[in-house]
Amino acid sequence: SLDKLHRELCKVGYLRRTKKEVRPELHRLPRQMAVALEISNMEAYEHARDDIVSFVRKQVREDGEFKLALSRKPLEEQKRLMDMRQEQKARSAESARALVMLNALRQLVGRGKVLAAKEWIHQFLEGDEKLVVFGWHQDVLNELRKEFPESSLIIGGQSITERQQQVDRFQQKPEVKLLLASIGC
């Protein structure tokens, strides 16, 4: 049994190693650093905050994937489906106003911080240290990945094997200085 093996090994000696001894570079890295970033889309943020229902309707009109799906349909059908989708989203926004507003505002803040985050990351990476950046929204992380294509990326939808490959790549390759990771993963 494991208990018996443990007792026998403890009779002979006990070896304890700390993270500092195993990975010397870990002890000098900060555990967490919060960075305040300005958002570049304050007008859209305020629009959503002030009138979430009209903001949701506008988001439906600007939804590229939905528009692409509609493009294969006759014009009258496109208009009817667009109106139906706008009404559905508006009703959802009305019935769960606070939750819809919170999610929309969080998404807008994430998108609005992308430009400032890119600048800050570029400045940080001029040094010799590695950096891990966490984000809530995949579209924000994907946008950062476009700017830093050599980075490792961990987001929802990846298999455990893919995630581990990204972690190993970040930890083992000195030229990979940036890991972008979803908070939800």
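Keep in mind that what you see is a predicted model, and the values were worked out from it rather than measured. (Residues numbered from 1 in each chain as written. Predicted model: local features only at pLDDT ≥ 70, side-chain atom pairs only at ≥ 80, totals over all residues. Heavy atoms only, no water.)

Asker: What is the right way to look at the pattern of salt bridges in this model?
Answerer: Any two side chains of opposite charge can pair, given that their charged atoms come close. All chains considered together, the criterion is met by six salt bridges. The partner of Arg111 in a salt bridge is Asp139, and the shortest N-O contact between them spans 3.0 Å. Here Asp139 lies in helix 9 (residues 138-147) and Arg111 lies in helix 7 (residues 97-112), a separation of 28 residues in the sequence. Here Arg111 falls in the partly exposed class, since its relative accessible area comes to 37%. Using a relative accessible area of 33% as the deciding quantity, one classes Asp139 as partly exposed. Measuring nitrogen to oxygen at the nearest pair gives 3.7 Å for the salt bridge that ties Lys146 to Glu143. With a gap of three residues between them, Lys146 and Glu143 both fall in helix 9, about one helical turn apart. Assessed through its relative accessible area of 64%, Lys146 is described here as exposed. (Salt bridge = Lys/Arg side-chain N within 4 Å of Asp/Glu carboxyl O. Helix = DSSP H or I, 4+ residues; strand = E, 2+ residues; numbered from the N terminus. Buried < 20%, exposed > 50% of the residue type's maximum accessible area, 1.4 Å probe, protein only.)

Asker: What should I look at first to understand the sheet that holds strand 1 (residues 131-135) in this one?
Answerer: Pairing between sheet strands relies on hydrogen bonds along the backbone, with the strands arranged either parallel or antiparallel. As summarised here, the arrangement of the three strands in space is 1-3-2, forming an open sheet in which the pairing is parallel. Since the sheet does not close on itself, it has two edges, and those belong to strand 1 and strand 2 (152-154), each with one partner. With strand direction ignored, the average angle separating the axes of adjacent strands in the sheet is 15°. Sheet strands touched by helix 8 (residues 114-125): strand 1 and strand 3 (178-182). Its angle to strand 1, the strand with the most contacts, is close to 165°. Sitting on the sheet, helix 9 touches strand 1, strand 2 and strand 3, and the angle it makes with strand 3 is about 165°. (Pairing = 2+ DSSP bridges. Axes fitted to C-alpha atoms, helices over the stretch in contact; angles between N-to-C directions. Contact = heavy atoms within 4.5 Å.)

Asker: Please explain helix 4 (residues 52-62) as it appears in this structure.
Answerer: Since one α-helical turn is 3.6 residues long, residues separated by three or four positions face the same way. Looking at helix 4, one finds that the buried residues are Ile52, Val53, Phe55, Val56 and Val60. The arc enclosing the buried residues of helix 4, seen along the axis, measures out at 160°, which places them on a common side. (Arc of directions from axis to C-beta.)

Asker: Which parts of the structure should I look at to understand a nonpolar patch on the surface?
Answerer: Among the surface-exposed residues, Val132, Phe134, Trp136 and Ile183 lie close enough to one another that they form a single nonpolar patch of about 420 Å² accessible area. As for its position among the elements, Phe134 is in strand 1. (Patch = residues over 30% accessible without salt bridge, like charges linked within 9 Å, V, L, I, M, F, W, Y side chains within 5 Å. Areas by Shrake-Rupley, 256 points an atom, 1.4 Å probe, with all protein chains shown as cover.)

Asker: Sorry if this is basic, but what is going on with the packing of aromatic side chains here?
Answerer: Counted by the stated rule, this structure contains one aromatic pair. Seen from their ring centres, Trp120 and Phe124 are 5.4 Å apart, and the 20° between their planes marks the pair as stacked. Pair noted here: Trp120 and Phe124 are both in helix 8, with a separation of four residues, about one helical turn. The ring of Trp136 has Arg106 sitting right over it, with the charged end atom 4.7 Å from the ring centre. If you follow Lys130 out to its NZ or CZ, it ends over the ring of Phe170, 4.7 Å from the centre. (Phe/Tyr/Trp six-rings, centres within 6.5 Å; stacked < 30°, edge-to-face > 60°. Lys NZ or Arg CZ within 6 Å of the ring centre and 35° of its normal.)

Asker: What should I look at first to understand the side chain of Gln158 in this one?
Answerer: Its location among the elements puts Gln158 in the loop between strand 2 and helix 10 (160-172). The exposure class of Gln158 is buried, given its relative accessible area of 19%. A distance of 3.0 Å separates a polar side-chain atom of Gln158 from the backbone oxygen of Leu153. If we skip the residues at most four places from it in the chain, Gln158 touches Leu153, Arg163 and Gln166. (Polar contact = N/O pair within 3.5 Å; in protein donor to acceptor, adjacent residues only side chain to side chain.)

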